[in-house]
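Residue strings, one per chain:
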Amino acid sequence: MRMAILYSALALALPGAVAMAQDYTLQPNYGDTSLRAGFSPDPYVIPLQSGGSIDVSRTIGGSCRGYVSNAPDFSVNYSAGSVLPFRIGVSSGRDTTLVVNGPDGNWYCDDDGGEGLNPLLHFGSPMSGRYDIWVGTYGSASNHDALLFLSELSSVTASTVSSGGGSYGGDPSGPDWSLRPTYETISLRGGFTPDPYRVRLQSGGPIRANDSIGGNCVGYIAEAPDVRLNFQPGSLPLIISVASSADTTLVINGPDGGWYCNDDGGVGTNPSIRWDSPMAGQYDIWVGTWGSQSLREAVLVISELYSE
């Protein structure tokens, strides 16, 4: 069924409403951009993966559908003109959905408003400002390949995008430690308790670490760090590892500016990095997925005692 639904964010605060779970304040999974009316080339295309663990039919309600991640998949700051519409769509071989938090703070949702099972949102008189965008998977938390596209042209469809039209964005050249971490910023001192400190997250992203960093760095990671650790060492070592049923990797930018990477240094295919004499300062941490851009459930483990 074709649907394009608007829900006020204020309605979520009413008695009996389910609390909002997806968080537009988080760093987008696949980056952001700024576009002005008349942008060229059109469409602007972002390769990503749909899906996540949050069922928006419960968190937003109404006719919003699909499973999305906590953080937005992409954000665009759009400067509207006086003539052209603004269209946000998806091209995928799977049944996907769209959830957008607009510049007015309202939620806009669509399921099958585009071609086939592809969603499409059409803003005939678009607002200027920030659009935070989630691409969902209909009916399950599975992750699937998809192309998000931004356009002002009615001739642009899911078919034209899948055939290779437009400019590909959201494909950063490498990890950027200056960006805000996607999941958490932590400050710990030697002897911290409880030990270990755990952060639940999703591994993976669009950047191939061995292309952008080289050396023994492997896996697909996000542009922004997943976690930032500010650490004051004591007399014990610092051990950073990952626990996951998927094959994950670690990429860390240390206080000295050097890159530290590991694939299978922990238990099984878990990565682990150990500093016997850890440095004081900022550790920016990426958890990668080996061999695939897929997002996988994982737990980052920070300890002075043991490794996963």
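Since we're looking at a predicted model, the values are computed, not measured.

Attention shifts here to the confidence of the model for the chain. Residues at a pLDDT of 70 or more form 90% of the chain, whose mean pLDDT is 87. Across residues 1-5, confidence stays below pLDDT 50; counting only partners more than four residues off in sequence or on other chains, it has 16 contacts.

The antiparallel open sheet is built from 4 strands, whose spatial order is β15-β24-β19-β22. Here the strands that pair on one side only, and so sit at the sheet edges, are β15 (197-203) and β22 (272-275). Adjacent strand axes in the sheet meet at a mean angle of 20 degrees, parallel and antiparallel pairs treated alike. Pairing analysis gives 5 bridges linking strand β19 (residues 238-243) to strand β24 (residues 296-303), with the strands arranged antiparallel. Counterpart to I239 in the pairing with β24 is S303.

Bringing the nonpolar core into the picture now. Across soluble globular proteins, you tend to see nonpolar side chains buried next to one another. Grouped together as the largest cluster of nonpolar side chains are 24 residues, with contacts concentrated most on F86, I88, L148 and L150. Of all the elements in the fold, those that place two or more residues in this core are β3 (44-50), β6 (74-79), β7 (86-91), β8 (96-101), β10 (120-123), β11 (129-137) and β12 (144-151). With residues near it in sequence (within four places) discarded, L150 still touches L35, F39, D42, P43, Y44, I46, F74, V76, F86, R87, I88 and I133. In terms of nonpolar packing, the next biggest core, distinct from the first, is built from 21 residues, I186, F192, I240 and I273 among them.

In this structure the tally under the stated criterion is 2 disulfides. Across the disulfide, C64 is cross-linked to C109 (sulfur-sulfur distance 2.0 Å). A torsion of 85 degrees about the S-S bond marks the disulfide between C64 and C109 as right-handed. Of this pair, C64 sits in the loop between α1 (56-59) and β5 (67-68) while C109 sits in strand β9 (residues 107-110); the two residues are 45 residues apart in sequence, bridging distant segments of the chain. Both residues of the pair, C64 and C109, belong to the buried class. The disulfide bridge from C217 ends at C261, spanning 1.9 Å between sulfur atoms. Handedness here is read from the sign of the S-S torsion; for C217 and C261, about 75 degrees, the answer is right-handed. With C217 in the loop between α3 (209-212) and β17 (220-221) and C261 in strand β21 (residues 259-262), this residue pair connects regions lying 44 residues apart in the sequence.

Parameters and conventions
- Residues numbered from 1 in each chain as written.
- Predicted model: local features only at pLDDT ≥ 70, side-chain atom pairs only at ≥ 80, totals over all residues.
- Heavy atoms only, no water.
- pLDDT = per-residue confidence, 0-100.
- Contact = heavy atoms within 4.5 Å.
- Pairing = 2+ DSSP bridges.
- Helix = DSSP H or I, 4+ residues; strand = E, 2+ residues; numbered from the N terminus.
- Axes fitted to C-alpha atoms, helices over the stretch in contact; angles between N-to-C directions.
- Core = buried A, V, L, I, M, F, W, Y, C linked by side-chain atoms within 4.5 Å.
- Buried < 20%, exposed > 50% of the residue type's maximum accessible area, 1.4 Å probe, protein only.
- Disulfide = S-S within 2.5 Å.

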